[in-house]
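Listed below, chain by chain, are the residues.
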Amino acid sequence: MKVFKAILSVIFTVALIWALQTKFGDIPPLGEFLNPSTGFWQNAESKNIIPTENLKLKGLQGKVTVKFDENMVPHIFAENDHDLYYVQGYLTAKARLWEMDIQTRSAAGRLSEIVGAKALDIDRYHRRMGMTYGAEHTLQGIMKDPVMSKVINAYSDGVNAYIKQLKPGGYPIEFKLLAYAPEEWKPINSAYLLKLMSETLAGGSNELAMTNVLDKFGAQVTKDLFPDYPMHEDPIIPAGTKWDFKPLPIPQPPAAFKAQMLASMRDKEKIEGIGSNNWAVSGSKTASGYPILANDPHLNLTLPSIWYQMQMTAPGVNVYGVTLPGAPCVVIGYNKKVSWGVTNVDADILDWYQVKFKDASRTQYWYNNKWNKVDRKIETIKIRGEKPLIDTVLYTHHGPVVYNNVDMAKKGRVNVPVGNALRWIAHDESDEFKTFYLLNRAKNYADYREALKYYTAPAQNFIFASADNDIAITPNGKLPLKYKDQGKFIMDGGDPANDWHGWIPSEQNPTVKNPQRGFVSSANQSSTDQTYPYYINWKFEGYERGKRINDRLGAMTKATADSMRVLQTDDYSIRAQDIMPTMLKYLDASKLDDNQLAALDTLKKWDKFCGAKSVGASIFGKWWVKFYTFTWRDSFEEKDRLLYFPTMDRTEALLIKEPNSKWFDNVTTPVTETASDVLMGSFTAAVNELIKEQGNIGEAWQWGHVKPFEVKHLGNVPGLGSGNFVSGGTGSTVNALIDGHGPSWRMVVQLGPQVKGYGIIPGGQSGNPGSFYYDDMLKTWQAGQLKELLFLQSATQNSNRIKRTLTLSK
Amino acid sequence: MLFPVILLLTFICGYLFPWWVSCIMAFGAAIIFGKKSSWAFWCGFCGISLAWVALALLKSFPNEHMLATRVAHVFHLPNWGLLLAVTALIGGQAGGMSALSGWLVRRAFEKR
C-alpha cells in the first residue's frame, strides 16, 4: 500500500512537472514561463541604468565605445568598418532579437516551425512566391561585392556574438511565450528582410482583378474606367521637366491577347495609406539659407518598433538615422554634409504569366514556339508537432508557378492567379545595402547619384539635400523596360514579346535636381507627367498628400525645421476640397430628417481638417467611402470573382464630369439612378451608421473616436501593444494614420555648417515589453512632436543627454 | 527543518539551474527531513512558492511591476498581484507534490 502510494505520488508529480514544461495550444508552458529564474520575470528590466560598463567580445579587432542617450539610442564609435558593423549587429540583437527572428522566419516561410500548422498557408505562399529563391540570389549579389560581403559577415558575426552568450533566462519574452529558442543568425537573413520589404511595398498585384474586369466589361469600358493617368495629379518630378537623355526604343506589345482565368476568387479590400512622404526645401526658402529635408515612411506600426535608431561612427563615416533590425547600415538619415530619405515608388515590378504545360506531368511548358523544361524546387516546411510538408514548386524562366491548382488557391491569397508564373523583381540578384553603405558616407550630389546605381528593389523615391545647397529626388530602382500597360493584365507566358525587355538605364530613371520651384517632394503619386518616355505603372497612390505638400511648400518662405514638423502632422483633406462641393451640390436637403440635417449642417461648416476632434471629418469620411462603394458594388462586386474597383480618382472624375453616367444606376433596381440618388443613399446610410455606432451627433462623433487606432504588438499578443488611442489624420492626408498604418519614423534635418536632426519613432528603442524604453517615445510621437537628435562628433564629446557608456574590446 | 531547507535551496537554485531542479531538491529534502504527509506537502508548497515570490519581486520591484502588469493583461488578469499569486500557486503545487512524493518514498522504504 505504502509503495503503491509512493509510486502514485511520484508519477503524479512527474506528470505535473511535464505538464508545466509543455505547451498546450497557444498557452506557453506555465512552469517554464512563470518561474522566476528563467521565466518572464527575468525580462523585467530595472529602471536604474548602469552608467559605465566594459565588455569583452572576441570577434572585435579594436576598441569600440558606445554612448547611450536618454532614449537608449546607441552612438557607436569604432576604429574600423568591421567593428562598426559587428557592433551594429550585436546591439541590434540585444535590443530586437525576437523581432529579427520572427520577421526573417516569416519571410523564409518558416513560421510553422514555431506555431504549428496554422501558419502553413502563409509559409507555403512565401515559399511558392519565391522568397527563398530571391533571398538566395540577393545573397549571391552581396557576396560578389568585396566591401558588402565583409559588412554583412561582420554584422552577422555581431548578432551571433550576442546569441551565443544568451542563456534561456535572457531570451526575449516572445520566445518564452511561444516556447522556442533563438537560432544562429545567417547572412541570408538580412536578404530576407529586403524580400519582406519588397513584399510589403511591391508584392501586391491587381492583374487578376483587372483581367476579370476586362473579361466582364470588354476593352472599351476598361479603358474608360481604368485610365493610365489620373484626372488629379501633381507628379513627383514637376510637370514640364525636360528629359535630357536619348531613350532606348520602347518594346512593341504582342498581338492582342486576353488571358483566360482558371479559377474564381474572392475580394480583398485595398488599404489606403500604405505610403510615405518626403520632401526637401532649398536654402532659398528656408530661414537659415540651407536646405531642410523631411521624411516619414508609413508602414504597419508595431511594437517592437519597425526602426532602430543609431549613430554609427568609424574612420570615413559618421551617420545618424534609422536602421532595419537585421540589416546593416542606416537606411534613412543624415551625416555632416548630406541627408536622404525614401518613399515607395509603386512601380509595376511584379507580373503574372499564364503557363501552357505540355501535359499533366508538367515537365515542359510552351515558350517561343517550342517546349521548354520546367524546373522543380523542393521546399520542405517543418511543422511543430507534425511531420514536415514537402512541397514542389514549378519554375519557368519567368519564375515560380505560385498556385498549381484551384484547391491551393482557395486556401491562399485571393489575388494570385492559378497556374501562372510570377516574374518579380525581388527574385533577381541584387546588392541594395551597397546603396545605403554609400549614402551613409556621401558628401555631395555626385555621391548620391553614384549610390543610387546599386539599388534594385523595392523601388523608392530617394530624396536628397546637401550642405552645398543641392536638393534632388529620384524615383529609383531597377525598373523593367516595358511596352505601355505591359503587366496591367495577366500575360501570355508563351510569347517572348511579353518578357521584360531589359531595364530602363539607371541614369534615365526620372530625376530632378534643384528645380525652379525651390523644393522637391514625393508622396507615392505618379513619378512623372505623361512626357516621360518609359512606362512605370498605370496606377500610383492618390495625389492628395503630394498635392497638399506641394501647396504648402510652394507658399512657404523662411521655413524652419518646425514648419516641416507642422506639415508632417498636417491633416487637411484635399479629397474633401476636391469633391465635397460637388457632393453637396447634388444632395437634396429637402428629403433629410432632423438628424441628417444636423449632420449636413456640421459638414457645411467643416474646415476640411481631419483632426482628432473633427466631427466633419467623420461624416465626410463615411459618406465618401459609402458613396464610392454604392457606386461600384452592383457591377464590381461578385461572389466568385475578384474584380478591381475603379480608383477613387476615376470616381471623382465621374461625379464631377458625368453625374448622369450609367455607372450611378444600380442595376439591381428597376428605376434608373443618378449620382444624386447615390449621394442621397450613401449620405443617409453614413449618418444612420454613425448614430447607430456612436449615438446622436456630438462629441462621440469626433474623428478620433470614430476611427480606431492602435500600435499593435508585432505578434499580435494582446496587452503588449499600445491599446487604442485617439488620433487625427486619414489615408489621404499628409499625416496618414489609418488602420494601424502611419508614420513609422518622422525625421526633419536642417542642413548647414552645423547639421541638426530631429526625429521620433512611435515606440522605443528596446524590443522588450519589460523595458522602460519599449514605448517611451510613443507619447511624443502622438503629440506630433519631434526630439532633437544627438549627433556626436567624437566619443569624447560631452553631453548631459548621455546616460550610459559601454566599452567593448577584444 | 524541511521548510527552511527547501526555501533556501530553491532560492539558490533559482540563479543556477532550470526551475524543476528545485523540485528534485524538495523531493530529496523531504526524504531526509520529512515528518508526515501533510507537513511535507505544505513545506514543499510554501518553500518553493515563497522562494519564487521573493525571486520574482527582486526583479519586479526595480521594474515598477511594469512588465508584470503587461503580462497580467496578456493572460486577461486585472493586475500583476494576481499574476504573482498564480506564479506562487504553480510553483507551490509542484514543490508540494515533490516534497510529498519524497516523504512517501521514504516511508515506503521504512520498516513498519
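Everything numeric in this text was worked out from a predicted model, so none of it was measured.

**Quick word on the overall build of chain A**
Per the secondary structure count, chain A includes 22 helices and 27 strands. In terms of overall size, chain A behaves like a compact globule, its C-alpha atoms giving a radius of gyration of 28 Å where 810 residues would be expected to give roughly 28 Å. For chain A, with 810 residues in total, the buried portion stands at 54%. For chain A, long-range pairs separated by at least 24 residues make up 73% of all intrachain contacts whose partners lie at least 6 apart in sequence.

**Observations regarding the sheet that holds strand S2 (residues 64-69) of chain A**
All names here are of chain A. Ordered in space as S1-S27-S2-S3-S7-S8-S9-S10-S17-S18-S20, the eleven strands form an open sheet in which the pairing is mixed. Two strands lie at the open edges of the sheet, namely strand S1 (52-56) and strand S20 (512-513), each paired on one side alone. Of the pairings in the sheet, the one linking strand S7 (residues 308-314) to strand S8 (residues 317-323) comprises seven bridges and is antiparallel in character. Along S8, the bridge assignment pairs Ala314 with Val317.

**Details of the interface of chain B and chain A**
For an interface, size is often stated in terms of accessible area lost upon the parts coming together. Counting residues at the interface gives 35 residues for chain B and 33 residues for chain A. Among the secondary structure elements, those contributing two or more residues to the side of chain B that touches chain A are helix H3 (37-60), helix H4 (66-74) and helix H5 (80-109) of chain B. The element best represented in the side of chain B that touches chain A is H5 of chain B, accounting for 14 residues. Residue composition of the side of chain B that touches chain A, by class: 22 nonpolar, nine polar and four charged.

**A look at helix H10 (residues 207-225) of chain A**
Residue and element names in this part refer to chain A. For H10, which comprises 19 residues, the first-to-last C-alpha distance of 15 Å sits more than 12% below the rise-based estimate of 27 Å (1.5 Å per residue). Along H10, the sharpest kink reaches roughly 120°, centred on Gly218. Among all positions in H10, only Glu207, Leu208, Ala209, Met210, Thr211, Asn212, Val213, Leu214, Thr222 and Leu225 are buried. Those residues of H10 hidden inside the fold are in contact with strand S11 (350-354) and helix H19 (648-657).

**Points about helix H18 (residues 615-636) of chain A**
Taking 1.5 Å as the rise per residue, H18 of chain A with 22 residues should run 32 Å; its terminal C-alpha atoms sit 31 Å apart, in good agreement. The element H18 of chain A is largely enclosed, with a buried count of 16 among its 22 residues.

**Points about unusual backbone geometry**
Residue and element names in this part refer to chain A. Along the chain, Leu303 connects to Pro304 via a cis peptide bond; the corresponding omega equals -10°. In this structure, Pro304 sits in the loop between strand S6 (302-303) and S7. Between Ala457 and the following residue, Pro458, the backbone shows a cis peptide bond with an omega angle of -10°. Within the fold, Pro458 resides in the loop between helix H13 (445-452) and strand S17 (460-466). A positive phi angle, near 55°, is found at Arg362, a position not held by glycine. With respect to the helices, strands and loops of the structure, Arg362 is situated in the loop between S11 and strand S12 (364-367). We classify Arg362 as partly exposed; it has 16 C-beta atoms within 10 Å.

Rules and cut-offs
- Residues numbered from 1 in each chain as written.
- Chains lettered and ligands numbered in written order.
- Predicted model: local features only at pLDDT ≥ 70, side-chain atom pairs only at ≥ 80, totals over all residues.
- Helix = DSSP H or I, 4+ residues; strand = E, 2+ residues; numbered from the N terminus.
- Rg over C-alpha atoms; globule rule 2.2 N^0.38 Å.
- Buried ≥ 20, exposed ≤ 12 C-beta atoms within 10 Å, placed from the backbone.
- Contact = placed C-beta atoms within 7 Å.
- Pairing = 2+ DSSP bridges.
- Nonpolar A, V, L, I, M, F, W, Y, C, P; charged D, E, K, R; others polar.
- Expected span 1.5 Å × (residues − 1).
- Bend = angle between axes of the 7 residues up to and from the residue.

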